[in-house]
Amino acid sequence: MRIGVLTGGGDCPGLNAAIRAVVKRAELEYGDSILGFKNGWKGAAEGDLMPLSRATMRNMLPQGGTILGTARFHPSTKDGSLDQVLRTMEAEHVEAMVCIGGDGTLKAANRVAEAGIKMVGIPKTIDNDVVGTELSIGFDTAVSIATEAIDRLHTTAESHNRVMVVEVMGHHAGWIAIESGIAGGAEVVLTPERPFDIDEICEALKHRHRSHANYSIIVVAEGAEPAEGTSMEYKTQYSVNGSIVPGSISEALGREIADRTGFETRVTVLGHVQRGGTPTAADRILGSRFGVAAVDAIHSGHTGVITALQQEKVVLVPIDEIAGKLKTVPEELIQTAQALA
Ligand code: F6P
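Reference entry: report on the structure contained in this document. Keep in mind that what you see is a predicted model, and the values were worked out from it rather than measured. For every chain, the first residue of the written sequence is number 1, and numbering continues from 1 onward in sequence order. Residues qualify for local features only when their pLDDT is at least 70, as the model is predicted, and side-chain atom pairs are given and counted only at 80 or more; totals for whole chains, interfaces and linings, by contrast, use all residues. Side-chain metrics rest on all non-hydrogen atoms present in the structure, leaving aside hydrogens and water.

This part takes up the site of the ligand. Arg72, Ile126, Asp127, Met169, Gly170, His171, Glu222, Asn241, Ser243, His272 and Arg275 make up every residue found near the ligand. The term polar contact refers here to a pair of N or O atoms within 3.5 Å; inside protein, the definition further demands a hydrogen-donor-capable atom paired with an acceptor-capable atom, and it admits residues adjacent in sequence only when both atoms are side-chain atoms. In the environment of the ligand, an oxygen atom lies 2.6 Å from a nitrogen or oxygen atom belonging to the side chain of Asp127. Within the contact set of the ligand, an oxygen atom lies 2.5 Å away from a side-chain nitrogen or oxygen of Glu222. Here the open area of atoms and residues is found with the Shrake-Rupley method and a 1.4 Å probe, where only the protein chains shown may cover a residue. For the ligand, whose free accessible area comes to 400 Å², the fraction covered by protein is 84%. Split into classes, the residues belonging to the shell around the ligand amount to two nonpolar, five polar and four charged. Two domains share the shell around the ligand, each providing at least three of its residues, namely domain 1 (2–138 + 279–322) and domain 2 (140–275). Only heavy atoms are used to decide nearness, and a residue is near a molecule or strand if one of them lies within 4 Å of it. When residues are sorted by character, Ala, Val, Leu, Ile, Met, Phe, Trp, Tyr, Cys and Pro go into the nonpolar class, Asp, Glu, Lys and Arg into the charged class, and all the rest, Gly among them, into the polar class. Note: domain ranges come from an automatic or database domain assignment.

Below you can see the structure in the form of structure tokens.
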């Protein structure tokens with residue numbers, strides 16, 4: 001069988017482990033040939049591709065990013081790019097696809113599956129907000145990077161008696177903020193799931209600094225916002241591609257805290273550092289498990305599904321059950337972070 005593979009949306013560590021697993025499983029177990037589409041669905045629309053083999057997969061596991069490249073491009077019927085994708089599949093005799101991506105890429109995968117191509121998706125996103133799977137590729141590495149940053153900020157915060165505001169990624173869901181905040185021992189963790197009250201935060205900081213500490217760490221997800229009716233004026237700033245402008249919330253928060261408390265305050269925006277560099281062992285293992293499972297799924301006749309981690313096992317979940325939905329941080333984790341503040 002001829003299988004296509006692509007990575008779409010924002011990159012993350014662990015993608016190459018998944019590509020490697022797809023190629024090795026397909027070649028060794030089933031004698032398939034594998035075509036890599038460059039730059040996500042864009043490469044599929046434009047016929048920009050590269051053959052992949054075991055030989056091209058050497059030393060892939062520690063490499064961050066994606067050897068295939070990626071883009072935020074989703075084929076649609078309106079602009080004809082879906083037809084272009086289907087023409088490429090036909091011209092290249094591609095019978096099945098493995099699409100490694102977040103919500104946008106997987107939604108597009110479903111459209112291509114409906115047009116008759118066997119399709120298995122693999123969830124990846126440092127945001128960890130894909131429904132149906134406990135973990136997505138890239139999340140563990142992002143949490144490790146953010147936790148290390150918080151650890152490092154602790155010592156300089158304490159030395160200078162400062163409030164440190166650390167902004168992490170997480171547009172609609174605050175998974176990185178909550179997990180790195182708990183692991184790093186942040187005093188305040190702010191997520192999109194729970195709009196905040198600046199007065200409450202400043203009172204808590206003043207109380208802490210009066211009673212037992214001279215510094216504080218605040219972790220804020222880029223998509224966090226003040227609650228309606230509270231006293232902070234703020235509008236999230238977006239760039240042309242729809243991403244939040246890095247530093248939008250943390251700079252505003254830092255200014256408010258400094259003005260209202262008089263504490264010296266500094267802001268750190270982790271930004272794309274969270275998506276770069278070598279993947280953790282956990283992300284390499286997850287990528288490898290999902291890659292093998294995706295090829296096995298194709299050969300056992302499944303289509304229109306994603307690989308997912310549920311209770312330690314890799315299972316298959318229909319894409320139309322998860323497309324367009326968002327996995328948000330549960331109340332229990334938010335309360336754990338608050339209990340430890
Ligand atoms: O891939 C998810 C993500 O990292 C989000 O956390 C962030 O909002 C966005 O991508 C940033 O996108 P870009 O790389 O286009 O700036």
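So, next bit.
Quick look at the packing of helix α5 (residues 139–160) against helix α6 (residues 175–184) now. The axes of two packed helices give the description: the angle between them and the distance between them. A fitted line through C-alpha atoms represents every axis, and for helices the fit uses only the stretch in contact; the resulting angles, taken between N-to-C directions, go from 0 to 180 degrees. Only DSSP runs of H or I reaching four residues or more are called helices, and only runs of E reaching two or more are called strands; each is numbered from the N terminus. Interaxial distance between α5 and α6 falls to 8 Å at its minimum, and their mutual angle equals 45°. Our classification of the angle between α5 and α6 gives oblique. Handedness of the α5/α6 crossing: right-handed. Together, Phe139, Ala142, Val143, Ala146, Thr147, Ile150, Asp151 and His154 of α5 and Trp175, Ile176, Glu179, Ser180, Gly181, Ala183 and Gly184 of α6 make up the contact between the two elements. Orientation categories follow fixed angle ranges, with anything under 35 degrees roughly parallel, anything over 145 roughly antiparallel, 65 to 115 roughly perpendicular, and all other angles oblique. Left-handed describes a crossing whose near helix is turned anticlockwise from the far helix by less than a right angle; the clockwise case is right-handed. Two residues qualify as a contact provided that any one of their heavy atoms is within 4.5 Å of a heavy atom in the partner residue.

Only strands joined by at least two bridges in the DSSP assignment are considered to pair. As summarised here, the arrangement of the four strands in space is β7-β8-β6-β9, forming an open sheet in which the pairing is parallel. Strand pairing shows two members of the sheet lacking a second neighbour, β7 (188–190) and β9 (265–269), which therefore form its edges. For this sheet, the mean angle separating the axes of adjacent strands, direction not counted, is 15°. As defined by bridge partners, strand β6 (residues 163–168) adjoins strand β8 (residues 216–221) across six bridges and the pair is classed as parallel. Directly across from Val165, in β8, lies its bridge partner Ile218.

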